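# Structure at a glance
Chain residues, written in single-letter form:
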Amino acid sequence: MTPNVELEAREADAAARGDAGKRAYVRRIFSEIAPRYDLLNHLLSFNVDVRWRARAIAELGIARAPEGAWLDLCAGTLDVGAQLAATPGFRGRIIGADFAEPMLRAGLGKGGGRIAPVVADALELPLPDRSVEGAIVAFGIRNVADLDAGLAEVHRVLVPGGRFVILEFSTPRSALVRAGYHAYFHNLLPFIGGLVSGHRTAYAYLPRSVQHFPVEEALAERLARAGFARVRWQSLTLGVAAIHVGERVDGAPLGDGRAERERSRVPGVQGTT
Ligand SMILES: C[S@@+](CC[C@H](N)C(=O)[O-])C[C@H]1O[C@@H](n2cnc3c(N)ncnc32)[C@H](O)[C@@H]1O
């Protein structure tokens, strides 16, 4: 490895492990790759990401409040918001929150006027308590520097009965699939991503961040600990990604022990691979 490549790899690894510089690092790399993000996203995922987002949106339960306000967290270039806005029956408003302004700018115009892009940190959303009907985050929560604080913040802004849907990469269970996935994610993807975006470190960070992200059961536990009830999850495409769903049941504030009691009242965390 040349000294530069080695430095970038070390920087990506430190951020993926969640070091103190993760927030600034993540914000910087997404701001820098914003102009090429959509192209690379669809190219590197063979367009499967569109199907995954559709399945995640289907879990939101928009029929409960089709005219309400919905949150697309870590909205990036607003692809989730655009797909949600185009969902039959949806007549609501979408708050697309992201802390990398260039990502939001790259997505401006998507969503047919139903999306309000907001430059905001997932850890400090400029939204009142119980103000959104549901929240969704696609490929974003893994990047949030403090996962538990991020989950608690979403819980705070959801109305009781509102769902939080997470679509995120995962690590396949099968050794065979994992081997192919590893080769693609750790070698081919950083190579193509680096070439097209001119930004090697961003695409070196991606596989590392997945590696350090909690597996499905562990993420489900973290959701439950943050106060979400009826937590469930399903694996997608041989375990390459997963969708988690949790619900705010009664609006109990966190930190007073009620979240824990709430969790013990609901049926256990359920998952399917
Ligand atoms: C991989 S992109 C996903 C974008 C979009 N959701 C999608 O499906 O294509 C991750 C996004 O999360 C944003 N992000 C990461 N941490 C964040 C935070 N703490 N607050 C707000 N946005 C954050 C990044 O700026 C980036 O735009």
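In what follows, the structure referred to is the one given above.
### Section: the nonpolar core
Of all hydrophobic cores here, the largest spans 76 residues; its most connected members are Leu73, Ala135, Ile136, Val165 and Leu167. In terms of residue count, the dominant contributor to this core is helix 2 (residues 22-44) (7 residues). Taken together, domain 1 (3-44 + 172-211) and domain 2 (48-170 + 213-251) each give at least three residues to this core, which thus spans both. Contacts of alanine 135, omitting those with residues within four sequence positions, involve Leu71, Leu73, Val154, Leu158 and Phe164.

### Digging into helix 8 (residues 200-211)
Over its 12 residues, helix 8 extends 18 Å from the first C-alpha to the last, a length consistent with the 16 Å expected when each residue adds 1.5 Å. Burial runs high along helix 8: 9 of the 12 residues are buried.

### Description of the site of the ligand
Taken together, 20 residues lie near the ligand, and Cys74, Gly76, Ala100, Ala122 and Ala138 sit nearest. Mapped by element, the contributors of at least two residues to the shell around the ligand are helix 2 and helix 4 (79-85). If you tally residues by element for the shell around the ligand, the top one is helix 2, at 3 residues. A per-class count over the shell around the ligand returns 13 nonpolar, 4 polar and 3 charged. Residue assignment places the shell around the ligand across two domains, with domain 1 (3-44 + 172-211) and domain 2 (48-170 + 213-251) each supplying three or more.

### A word on helix 2
Between its first and last C-alpha, helix 2 extends only 24 Å over 23 residues, short of the 33 Å set by a 1.5 Å rise per residue. The sharpest bend along helix 2 comes to roughly 75°, located at alanine 34, with the proline proline 35 sitting one to four residues further on. Trailing helix 2 by a residue or two, phenylalanine 46 shows a phi angle of about 55°, which is positive.

Rules used in this analysis
- Residues numbered from 1 in each chain as written.
- Predicted model: local features only at pLDDT ≥ 70, side-chain atom pairs only at ≥ 80, totals over all residues.
- Core = buried A, V, L, I, M, F, W, Y, C linked by C-beta atoms within 7 Å.
- Buried ≥ 20, exposed ≤ 12 C-beta atoms within 10 Å, placed from the backbone.
- Helix = DSSP H or I, 4+ residues; strand = E, 2+ residues; numbered from the N terminus.
- Domains from an automatic or database assignment.
- Contact = placed C-beta atoms within 7 Å.
- Expected span 1.5 Å × (residues − 1).
- Near = placed C-beta within 6 Å.
- Nonpolar A, V, L, I, M, F, W, Y, C, P; charged D, E, K, R; others polar.
- Bend = angle between axes of the 7 residues up to and from the residue.

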